[in-house]
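In case you want the letters, here they are:
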Amino acid sequence: MEPNANTKTYSNGETTIVWKPDVCIHSKICWKGLIGVFNPKNRPWIDMKGAETQRIIEQVSKCPSGALS
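Residues numbered from 1 in each chain as written. Predicted model: local features only at pLDDT ≥ 70, side-chain atom pairs only at ≥ 80, totals over all residues. Heavy atoms only, no water.

Some details on the overall build of the chain
Along the chain, the regular secondary structure elements total two helices and two strands. Along its sequence from the N terminus, the chain presents helices and strands in the succession β-β-α-α. Taken over the C-alpha trace, the chain has a radius of gyration of 11 Å; the compact-globule value for 69 residues is 11 Å, and the two agree within 12%. Principal-axis analysis of the C-alpha atoms places the extent of the chain at approximately 35 × 25 × 20 Å. Taken over 69 residues, the chain has a buried fraction of 28%. In the chain, 49% of the contacts between residues at least 6 apart in sequence involve partners at least 24 apart. (Helix = DSSP H or I, 4+ residues; strand = E, 2+ residues; numbered from the N terminus. Rg over C-alpha atoms; globule rule 2.2 N^0.38 Å. Buried < 20%, exposed > 50% of the residue type's maximum accessible area, 1.4 Å probe, protein only. Contact = heavy atoms within 4.5 Å.)

What to know about empty space enclosed by the protein
Enumeration according to the criterion identifies one cavity of 30 Å³ or more in this entry. The computed volume of the largest cavity comes to approximately 70 Å³. Lining of the largest cavity is provided by 13 residues; of these, Cys24, Ser27, Cys30, Cys63 and Leu68 occupy positions nearest its centre. When the residues that make up the lining of the largest cavity are grouped by side-chain class, the tally is nine nonpolar, three polar and one charged. (1 Å grid on protein atoms, 1.4 Å probe; cavity = no way out; pocket = protein on both sides within 12 Å on 5 of 7 lines; lining within 4 Å. Points joined across faces, edges and corners; volume = space filled by probe spheres on them. Nonpolar A, V, L, I, M, F, W, Y, C, P; charged D, E, K, R; others polar.)

Considerations on the pairing of strand β2 (residues 16-19)
Within a regular beta strand, the side chains point alternately toward one face of the sheet and then the other, so they alternate between its two faces. Only one face of β2 is covered, namely the face carrying Ile17 and Trp19; the face carrying Thr16 and Val18 is uncovered. Judged from the four bridges that link them, strand β1 (residues 8-11) and β2 form a sheet pairing that is antiparallel. Residue pairing for β2: Tyr10 is matched across the bridge by Ile17. Linking β1 back to β2 in an antiparallel pair, the connection comprises four residues, with Gly13 at a positive phi of about 90°. (Pairing = 2+ DSSP bridges.)

Structural notes on helix α2 (residues 53-60)
Two residues of an α-helix separated by three or four positions point the same way, owing to the 3.6 residues in each turn. Listed in full, the buried residues belonging to α2 are Thr53, Ile56, Gln59 and Val60. Burial along α2 is one-sided: seen end-on, the buried residues are contained in an arc of 125°. Its buried side turned inward, α2 meets β2 and α1 (29-33). (Arc of directions from axis to C-beta.)

Some thoughts on the packing of aromatic side chains
Taken as a whole and assessed by the stated rule, the structure comprises two aromatic pairs. Centroid distance Trp19 to Trp45: 5.0 Å. Interplanar angle 65°. Geometry classified as edge-to-face. Within this pair, whereas Trp19 is found in strand β2, its partner Trp45 is found in the loop between α1 and α2, the two being separated by 26 residues in sequence. Considered together, Trp19 and Trp45 belong to a single accessibility category, that of buried residues. Geometrically, the ring pair formed by Phe38 and Trp45 is tilted, given 5.7 Å between the ring centres and 50° between the ring planes. An identical accessibility class is assigned to Phe38 and Trp45; each is buried. Each member of the aromatic cluster is reached from another via a ring pair, and the members are Trp19, Phe38 and Trp45. (Phe/Tyr/Trp six-rings, centres within 6.5 Å; stacked < 30°, edge-to-face > 60°.)

Have a look at this one:
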C-alpha cells in the first residue's frame, strides 16, 4: 500500500507525529485534550513545542481513528 500523499509529519527531535487527514474522523479528542499542541485554528495546526514529549505521546494514543500516530 502506498503512503497517502496527504500524510503529514511533525517532529520535535524526540518524537514524530504522523497525521493522516483522510483517516481523521474529527472527534476533537486531540485538541480538546492538548490545545497547546493541536490547535485547529493555527497553521500548521500541530505545534510540537506546545507540550512535553510524553504528554504529546499520551494524547496521540487517544486518537480513536488512528489518524494521529
